[in-house]
Amino acid sequence: MDWIKIKNKNNAIAELPKDKVFLALWKGTICITEFYEEERAFYICMMPAQMSGIMRVDQEREGKFTHWCELNIPEDY
C-alpha cells in the first residue's frame, strides 16, 4: 500500500476519497476513515490504544489529514 500525500491541506476534502473506506494519517495517527455524504463529514476510528469509538472530524480540522492510502484487502480472505 502506497501513501498519498495531501498537497493542499486547506482543501483536504477535495483530495480524499469519498466512495470507500481508507487509511489516513490524521494528526500523525493512523486511522480508518470514511466519508458520510449525508453529513458532508469524515468519520475516523483509531486503534483502541489511541481512542475508543468513532469520531466526527469537523471541517476546520480536516486540514489535519496529511496522507491517505487505499486499503487492499487480500483476495483469499
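Residues numbered from 1 in each chain as written. Predicted model: local features only at pLDDT ≥ 70, side-chain atom pairs only at ≥ 80, totals over all residues. Heavy atoms only, no water.

**Q** I keep staring at the overall build of the protein and nothing clicks. Help me out?
**A** Broken down by element type, the protein carries 1 helix and 6 strands. Along the protein, helices and strands appear, N-terminal first, in the series β-α-β-β-β-β-β. Computed over C-alpha atoms, the radius of gyration of the protein comes to 12 Å, within 12% of the 11 Å expected from 2.2 N^0.38 for 77 residues, which places it in the range of a compact globule. In terms of overall dimensions, the protein has a C-alpha envelope of 40 × 25 × 25 Å along the principal axes. (Helix = DSSP H or I, 4+ residues; strand = E, 2+ residues; numbered from the N terminus. Rg over C-alpha atoms; globule rule 2.2 N^0.38 Å.)

**Q** I keep staring at a positive patch on the surface and nothing clicks. Help me out?
**A** On the surface, Lys5, Lys9, Lys27, Arg61 and Lys64 cluster together to form a positively charged patch. When you line up the elements, arginine 61 lands in the loop between β5 (54-57) and β6 (65-70). (Patch = residues over 30% accessible without salt bridge, like charges linked within 9 Å, V, L, I, M, F, W, Y side chains within 5 Å. Areas by Shrake-Rupley, 256 points an atom, 1.4 Å probe, with all protein chains shown as cover. Salt bridge = Lys/Arg side-chain N within 4 Å of Asp/Glu carboxyl O. Lys, Arg positive; Asp, Glu negative; His and termini not counted. Charge placed at Lys NZ, Arg CZ, Asp CG, Glu CD.)

**Q** Can you help me understand the sheet that holds β6 in this one?
**A** Picture the strands of a sheet paired through backbone hydrogen bonds; they go either parallel or antiparallel. The antiparallel open sheet is built from 6 strands, whose spatial order is β1-β6-β2-β3-β4-β5. Either end of the sheet is taken by a strand with one partner, and the two such strands are β1 (4-5) and β5. By the bridge criterion, 4 bridges tie strand β4 (residues 41-46) to β5 in an arrangement that is antiparallel. Looking at the pairing, isoleucine 44 lines up with methionine 55 of β5. (Pairing = 2+ DSSP bridges.)

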